[in-house]
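If you want the building blocks of each chain, they are given just below.
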Amino acid sequence: MNQKTSAAFVGASWFALGTGMFGYLIGLWRSDMLLNEKGFYFTVLMFGLFAVVSVQKSVRDRLEGLPVTDIYYGISWFSTILSITLLTIGLWNATLLPSEKGFYAFAFLLALFGAIAVQKNTRDNQESPKTV
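Residues numbered from 1 in each chain as written. Predicted model: local features only at pLDDT ≥ 70, side-chain atom pairs only at ≥ 80, totals over all residues. Heavy atoms only, no water.

(A) Structural context of the packing of helix α1 (residues 7–30) against helix α2 (residues 35–63). It is the contact of α1 with α2, at a shortest axis distance of 10 Å, that shows an interaxial angle of 165°. Classified by the angle between their axes, α1 and α2 sit roughly antiparallel to one another. By crossing handedness, the relation of α1 to α2 is classed as left-handed. Contact residues: α1 offers Leu17, Met21, Tyr24, Leu25, Leu28 and Trp29, while α2 offers Lys38, Tyr41, Phe42, Leu45 and Leu49. For the contact of α1 with α2, the per-class residue count stands at ten nonpolar, no polar and one charged. (Axes fitted to C-alpha atoms, helices over the stretch in contact; angles between N-to-C directions. Helix = DSSP H or I, 4+ residues; strand = E, 2+ residues; numbered from the N terminus. Parallel < 35°, antiparallel > 145°, perpendicular 65-115°, else oblique. Left-handed = near helix turned anticlockwise from the far one by under 90°. Contact = heavy atoms within 4.5 Å. Nonpolar A, V, L, I, M, F, W, Y, C, P; charged D, E, K, R; others polar.)

(B) Molecular detail of the packing of α2 against helix α3 (residues 70–93). Two elements in contact, α2 and α3, have axes whose closest approach is 8 Å; the angle formed by their N-to-C orientations is 150°. Taken together, the axis directions place α2 and α3 in an arrangement best described as roughly antiparallel. In the packing of α2 onto α3, the handedness of the crossing is left-handed. Taken together, the residues of the contact of α2 with α3 break down into 15 nonpolar, eight polar and two charged.

(C) Representation of the nonpolar core. Core analysis: the biggest nonpolar cluster contains 21 residues, and Tyr24, Tyr41, Leu45, Leu49, Leu87, Tyr104 and Phe108 have the highest contact counts within it. In terms of residue count, helix α4 (residues 98–127) provides more of this core than any other element does, seven residues in total. Beyond its immediate chain neighbours, meaning those up to four positions away, Leu87 contacts Tyr24, Tyr41, Val44, Tyr104, Ala105 and Phe108. (Core = buried A, V, L, I, M, F, W, Y, C linked by side-chain atoms within 4.5 Å. Buried < 20%, exposed > 50% of the residue type's maximum accessible area, 1.4 Å probe, protein only.)

(D) The arrangement of the side chain of Arg123 in detail. With respect to the element layout, Arg123 can be found in helix α4. Here the side chain of Arg123 touches Asp61 through a polar contact of 2.5 Å, side chain to side chain. Setting aside its immediate chain neighbours within four residues, Arg123 contacts Lys57, Arg60, Asp61, Glu64 and Leu66. (Polar contact = N/O pair within 3.5 Å; in protein donor to acceptor, adjacent residues only side chain to side chain.)

(E) Representation of the pattern of salt bridges in the model. Using the criterion set out here, one finds seven salt bridges in the structure. Between Lys57 and Asp61 there is a salt bridge; the shortest N-O distance is 2.6 Å. Of this pair, Lys57 and Asp61 both sit in helix α2, four residues apart, which is roughly one turn of that helix. For Asp61, a relative accessible area of 6% corresponds to the buried category. Sharing partners across several salt bridges, the network here consists of Lys57, Arg60, Asp61, Glu64, Lys120, Arg123 and Asp124. (Salt bridge = Lys/Arg side-chain N within 4 Å of Asp/Glu carboxyl O.)

(F) Representation of the environment of Ala107. For Ala107, the location among the structural elements is in helix α4. Taking the C-alpha atoms as reference, Ala107 lies 8.5 Å from Phe22; in sequence the two are 85 residues apart. Contact partners of Ala107, with chain neighbours within four places excluded, come to Gly20 and Tyr24.

Right, dumping it as structure tokens:
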């Protein structure tokens, strides 16, 4: 029996995605970084969001018996790990205060979690039967 995702969890998922993403982006906007540094961190965020949605979709497709090639599945996981690694290396070498580094790391992870949860909820709610 497929059950529709609760409105509370849908709202919490969108809140996590929005808080992580917009917090990260506002931090970039207000930072004293050079434009190329801001571009790097922005690209890592967008790459990470796309990668985790791809992982969620490919894992879910496989669980439901839908065809997913091994290469796409592997690239999805590789991209997710690569985005986290790139952020880690970038922050490790950045001339930022430790509190700023922590802020970007946790905002990034919150945004990734939110993207996974929003993708899951969207898919669950599209597949659930409509009740009258």
